[in-house]
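What follows is each chain in one-letter form.
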Amino acid sequence: MQLSAAGLYDDISSKRVASEALQLDPAYPLWSDGAVKRRWMILPAGTELDTTEPDRWQLPVGGKLFKEFVVDGRRIETRMIERIGISDDDCRFAPFVWRSDETDAELAEAGATNVHGTRYDVPAVDDCKTCHRQPGKLLGVSAVQLSAQLDELPLSNPPNRTFAIPEPALGVLHGNCGHCHNPDGSAPMQTLQFTTADADLRIEETAPYRTTVGKPLEHWTDQGFDVRIAPGDPERSAIYYRFSQRGNAAQMPPLGTTEVDAAGQAVVRAWIEQL
């Protein structure tokens, strides 16, 4: 299968995106080694996102999400998620690798490494499922992430307010870690997902703060750390250490990145120092 057949483009040769595609701009994007990313959503006519659960939006059957990755000015990959049935697990993941001449992109279910001579790796379909496992399977599509676009989106239950994360460091952790570190994720021992319920609380009362600041480690105890976030001390904070690692078992996030997010790292460090 080729990307040109997936519905994102009216004309892939000129890169003219389909008129029905809505561009999405999440407030707290996942770090992807500096790649420039664009995102779109296409829904079947007359349908809308099921937003009954504001932190677990779901595509209608036939709905598609696309995310394009550009490295050094070249298109490298476009990913697609498609809802293909009524079950929560009825989702298709499709990573497309762009040809070197950008005339089209080819489905690469097994992924690809060092695409076009860059350090950029395309995940395999199974890697996609590792992160996209919570109900709805959507990561950057939620009331918190798309709060600035709520009036533009077809929502089944539109919120009557906007949501924002008041502490930038918690936004960094939400975007990069919250998809696994939440009660429905693969690592629920701590919650780094900032939800709409947290938006009405003092920072100290939110789940990302309560489950990390001053909290002892329960599982990852092999590197001499004993606390998730040590107030005032980034060097003693396991979360900061792991966020700063790449190429080893300590790396977090564990997939999709080989370079440290220096800007995000600085934000998290500054927050811990002032706690």
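Because the structure is a prediction, the values reported are computed rather than measured.

Re the pairing of strand β7 (residues 91–98)
Among the eight residues that make up β7, seven are buried, leaving the element largely enclosed by the rest of the structure. One ladder, built from seven bridges, connects strand β6 (residues 74–83) with β7; its direction is antiparallel. Looking at β7, one finds that Arg 79 is bridged to Pro 95. Linking two consecutive strands that pair antiparallel, namely β7 and strand β8 (residues 105–107), is a turn of six residues; a positive phi of about 60° is found at Glu 102 within it.

Notes on the environment of Lys 67
Relative to the assigned elements, Lys 67 resides in strand β5 (residues 64–71). Separated by 27 residues in the primary sequence, Lys 67 and Trp 40 have C-alpha atoms spaced 6.6 Å apart. With near-sequence residues (within four places) excluded, Lys 67 lies in contact with Lys 37, Arg 38, Arg 39, Glu 77, Thr 78 and Arg 79.

Let's talk about the side chain of Ser 32
Tracing the sequence through the fold places Ser 32 in the loop between β3 (22–24) and β4 (36–42). Residue classification places Ser 32 among the buried residues on the basis of a relative accessible area of 7%. Beyond its immediate chain neighbours, meaning those up to four positions away, Ser 32 contacts Lys 37, Phe 69 and Gly 256.

Considerations on the packing of helix α2 (residues 168–177) against helix α5 (residues 262–274)
Each pair of packed helices can be summarised by the angle the axes make with each other and by the distance between the axes. For the pair α2 and α5, interaxial distance at closest approach is 8 Å and the crossing angle is 130°. Comparing their axes, α5 and α2 come out oblique. Where α2 crosses over α5, the handedness of that crossing is left-handed. Only Gly 264, Val 267, Val 268 and Trp 271 of α5 make contact with α2, whose side of the interface consists of Pro 168, Ala 169, Leu 170, Val 172 and Leu 173. Here the contact of α2 with α5 is composed, by residue class, of eight nonpolar, one polar and no charged.

Observations concerning the sheet that holds β4
The sheet built from six strands is open, its strands ordered β3-β4-β5-β6-β7-β8 with antiparallel pairing. Each edge of the open sheet is held by one strand with a lone partner, namely β3 and β8. Neighbour to neighbour, the strand axes of the sheet diverge by 25° on average, direction disregarded.

Looking at α5
Here α5 contains 13 residues, and its C-alpha end-to-end distance of 19 Å stays within 8% of the 18 Å for a straight helix at 1.5 Å per residue. Looking at α5, one finds that the buried residues are Gly 264, Gln 265, Val 268, Trp 271 and Ile 272. Buried residues of α5, viewed axially, fall in a sector of 130°; they line one side. Summarising the geometry of α5, the exposed residues directed more than 90 degrees from the buried face are Ala 262, Ala 263 and Gln 274.

Rules and cut-offs
- Residues numbered from 1 in each chain as written.
- Predicted model: local features only at pLDDT ≥ 70, side-chain atom pairs only at ≥ 80, totals over all residues.
- Heavy atoms only, no water.
- Buried < 20%, exposed > 50% of the residue type's maximum accessible area, 1.4 Å probe, protein only.
- Helix = DSSP H or I, 4+ residues; strand = E, 2+ residues; numbered from the N terminus.
- Pairing = 2+ DSSP bridges.
- Contact = heavy atoms within 4.5 Å.
- Axes fitted to C-alpha atoms, helices over the stretch in contact; angles between N-to-C directions.
- Parallel < 35°, antiparallel > 145°, perpendicular 65-115°, else oblique.
- Left-handed = near helix turned anticlockwise from the far one by under 90°.
- Nonpolar A, V, L, I, M, F, W, Y, C, P; charged D, E, K, R; others polar.
- Expected span 1.5 Å × (residues − 1).
- Arc of directions from axis to C-beta.

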